[in-house]
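Close look at the chain arrangement
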Amino acid sequence: MNFRPLHDRVVLRRIEGEEKTKGGIIIPDTVKEKPQEGEVVAVGPGARDEAGKINPLDVKAGDRVLFGKWSGTEVKIDGQDLLIMKESDILGIVA
């Protein structure tokens, strides 16, 4: 991918949820909610503080993260559906 986010922005790929419930019921696409879990594809260098120093981000490429339902901007890069959001929109890293 030839895209590098700026400042404290992060590029994510959504991780698709399960097709079935635990009880074995198949969930149709029309009812499925968008997953709130994703994999970090690329990160920016970090945000600058008042002194002009760059603060590096806590996430790195390859991390699995949770984010808010309406967070980020959906974009299509190289045929892939991706999300671009600020690091502050990420709720946490899944271990």
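The structure reproduced in this document is the subject of the present report. (Residues numbered from 1 in each chain as written. Predicted model: local features only at pLDDT ≥ 70, side-chain atom pairs only at ≥ 80, totals over all residues. Heavy atoms only, no water.)

Topic: the overall build of the protein
The number of helices and strands found in the protein is 0 helices and 8 strands. Helices (α) and strands (β) of the protein occur, in sequence order from the N terminus, as β-β-β-β-β-β-β-β. The buried share of the protein, reckoned over its 95 residues, is 27%. Look at the contacts in the protein between residues 6 or more apart in sequence, and 62% of them connect residues 24 or more apart. With an accessible surface of roughly 6800 Å², the protein has 52% of that area assigned to carbon and sulfur atoms. (Helix = DSSP H or I, 4+ residues; strand = E, 2+ residues; numbered from the N terminus. Buried < 20%, exposed > 50% of the residue type's maximum accessible area, 1.4 Å probe, protein only. Contact = heavy atoms within 4.5 Å. Areas by Shrake-Rupley, 256 points an atom, 1.4 Å probe, with all protein chains shown as cover.)

Re the sheet that holds strand 6 (residues 73-77)
The sheet built from 6 strands is open, its strands ordered 6-7-1-2-5-8 with antiparallel pairing. Two strands in the sheet have a free side with no partner beyond their single neighbour: strand 6 and strand 8 (90-94). This sheet shows a mean twist of 45° between the axes of neighbouring strands, independent of strand direction. As paired elements, strand 5 (residues 64-67) and strand 8 share 4 bridges and run antiparallel to each other. Bridging from a neighbouring strand, Arg 64 pairs with Val 94 of strand 8. (Pairing = 2+ DSSP bridges. Axes fitted to C-alpha atoms, helices over the stretch in contact; angles between N-to-C directions.)

A look at the environment of Ile 93
With respect to the helices and strands, the residue Ile 93 is situated in strand 8. According to the relative accessible area criterion, Ile 93 is partly exposed, its value standing at 47%. It is 9.7 Å that separates the C-alpha atoms of Ile 93 and Gly 38, two residues lying 55 residues apart in sequence. Aside from chain neighbours lying at most four places away, what touches Ile 93 is Asp 58, Val 59, Asp 63, Arg 64 and Val 65.

Some thoughts on unusual backbone geometry
The backbone phi angle of His 7 is positive, close to 55°, even though this residue is not glycine. Positionally, His 7 belongs in the segment before strand 1 (9-14). Looking at His 7, the relative accessible area reads 47%, which means it is partly exposed. At Asp 78, a residue that is not glycine, the phi angle is positive and equals roughly 55°. Within the element layout of this structure, Asp 78 appears in the loop between strand 6 and strand 7 (80-86).

A short note on the pairing of strand 2 (residues 37-43)
Two strands pair when backbone bridges link them, and strand 1 and strand 2 are joined in this way by 5 bridges, in the antiparallel orientation. Its bridge partner being in strand 2, Val 11 is matched across the sheet by Ala 42. In terms of strand pairing, strand 2 meets strand 5 through 3 bridges, oriented antiparallel. Across the sheet, Gly 38 pairs through a bridge with Val 65, a residue of strand 5.

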